[in-house]
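Geometric and topological summary
Residue-level listing of the chains:
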Amino acid sequence: MTDAFVAIEGDRIIEARARSPGTTRGELVFTTAYTGYEESLTDPSYEEQLLTFSYPLIGNYGVREERFESDRVHPRGVLAREMTEDVASWLDGEDVPAVDHLDTRDIVTEIRDEGAMRAGIAAGPDATREDALEQLDQCEHMSDHTEIGAQVSVDGPTVHNEAGDGPRVALVDCGAKGSIIDSLVERDATVHALPYDTSVSDIEAVDPDLLFISNGPGDPENFERAGEVVDSLVGEVPLAGICLGQQVVANALGGRTEKMEFGHRGVNQPVRDLRSGRVVMTTQNHGYTVADPGDTLHVTQVNVNDDTPEGLDNDDLDIITRQYHPEANPGPHDSLSFFDDVVAMAED
Ligand SMILES: NC(=O)CC[C@H](N)C(=O)O
């Protein structure tokens, strides 16, 4: 019985099964990750998006809060081939509409061929095609939401591992994954998480050994306050960033970011280090890329599939940023040493 409808650009309707009722809309993206649905669904970088899992089953090993990257589900809708009751009831409890029993391979190839697109979902006993089309029609583009950071950032300064005897890190929280903070704390760093629109004086009040710009949702150009902080403090304090953090740093230092056709989202993205030639497998979740790194940042790592910049560094200014997620969660641990490098740079 069809009790759910997905409307995608071009007014195409895909029939599905409702697993968590409701209507919703957003940018339709997909991840090819074959594990880690709890981490992906609680990753603030997915804020407001409709997340499709290309792997045919999610929920097969339950739902456990200790794997969460934040305190809530961030996508506004979830699509899968098969979703267990564990996941369906979790999403229902968070009022996130979800559908399954649809051909996710069809959706993935549509996005791959046509590019990231807007979509609407109507799910439940009273759902109609018209409801889904109306959601699609009302859907705004991701880059239009200039204050999305306010939905995912800490409200005020939050200190992690206050008694740590490692370096003091001022982390601008643009929607930070918990495992990024944990990866710094595990190396004895004290992490001062500050709101996405924090000021230079708030950062200076921390007297940091390193400034860290976190991952986050949407268009990096919507995080200009974080860019101003980078521009003010670069050269005075070591600088690191992950994913949106790399993009914000590049925009602040004369580079430029742009929207990708459909982004990189998965746990098997190969990245080559141009200095060593070594290739590592990485976890990725991004729809924008650094199109021009500018003159300050040097491309040190690239994506093997499309040559987009995956690592930007400046050894003289103590800058190290990564487009991928070295903390994994989910995904391969090939690049965990990034956090050793960051802490060593802060301590030096
Ligand atoms: N995980 C992230 O930080 C994503 C960065 C940015 N929102 C993008 O989609 O490219």
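Everything below is about the structure shown above.
Residues numbered from 1 in each chain as written. Predicted model: local features only at pLDDT ≥ 70, side-chain atom pairs only at ≥ 80, totals over all residues. Heavy atoms only, no water.

**Describing the environment of V248**
You can see V248 is positioned in helix α8 (residues 244-252). For V248, a relative accessible area of 2% translates into the label buried. Once the C-alpha coordinates of V248 and P220 are considered, the two residues, 28 residues apart in sequence, prove to be 5.8 Å apart. Excluding residues within four positions of it along the chain, V248 makes contact with I213, P220, F223, A226 and G227. (Helix = DSSP H or I, 4+ residues; strand = E, 2+ residues; numbered from the N terminus. Buried < 20%, exposed > 50% of the residue type's maximum accessible area, 1.4 Å probe, protein only. Contact = heavy atoms within 4.5 Å.)

**Some details on the sheet that holds strand β10 (residues 158-160)**
Across the sheet, which stays open at both edges, the ten strands sit in the order β10-β12-β11-β13-β14-β19-β18-β17-β15-β16 with mixed pairing between neighbours. Among the strands making up the open sheet, the edge pair consists of β10 and β16 (279-292). Across the sheet, the axes of successive neighbouring strands diverge by a mean angle of 20°, strand direction being ignored. By the bridge criterion, four bridges tie strand β14 (residues 239-242) to strand β19 (residues 319-322) in an arrangement that is parallel. Within the sheet, the bridge partner assigned to I242 lies in β19 and is R322. Packed on one face of the sheet, helix α5 (residues 178-185) meets β10, β11 (168-173), β12 (190-195), β13 (210-213) and β14 and runs near 175° to β11. (Pairing = 2+ DSSP bridges. Axes fitted to C-alpha atoms, helices over the stretch in contact; angles between N-to-C directions.)

**Quick notes on the site of the ligand**
Near the ligand there are 13 residues, and of these G216, G218, N285, G287 and Y288 occur at the shortest range. Q247 is positioned such that a nitrogen or oxygen atom in its side chain is 3.0 Å from an oxygen atom of the ligand. Within the backbone of G287, a nitrogen or oxygen atom sits 2.8 Å from an oxygen atom of the ligand. In the complex, 97% of the free accessible area of the ligand, which totals 300 Å², lies under the protein chains. Counting only elements with at least two residues in the shell around the ligand, the list comes to α8 and β16. The greatest single-element share of the shell around the ligand, amounting to four residues, is contributed by β16. Taken together, the residues of the shell around the ligand break down into four nonpolar, nine polar and no charged. (Near = heavy atom within 4 Å. Polar contact = N/O pair within 3.5 Å; in protein donor to acceptor, adjacent residues only side chain to side chain. Areas by Shrake-Rupley, 256 points an atom, 1.4 Å probe, with all protein chains shown as cover. Nonpolar A, V, L, I, M, F, W, Y, C, P; charged D, E, K, R; others polar.)

All we've got here are geometric facts, nothing functional implied.
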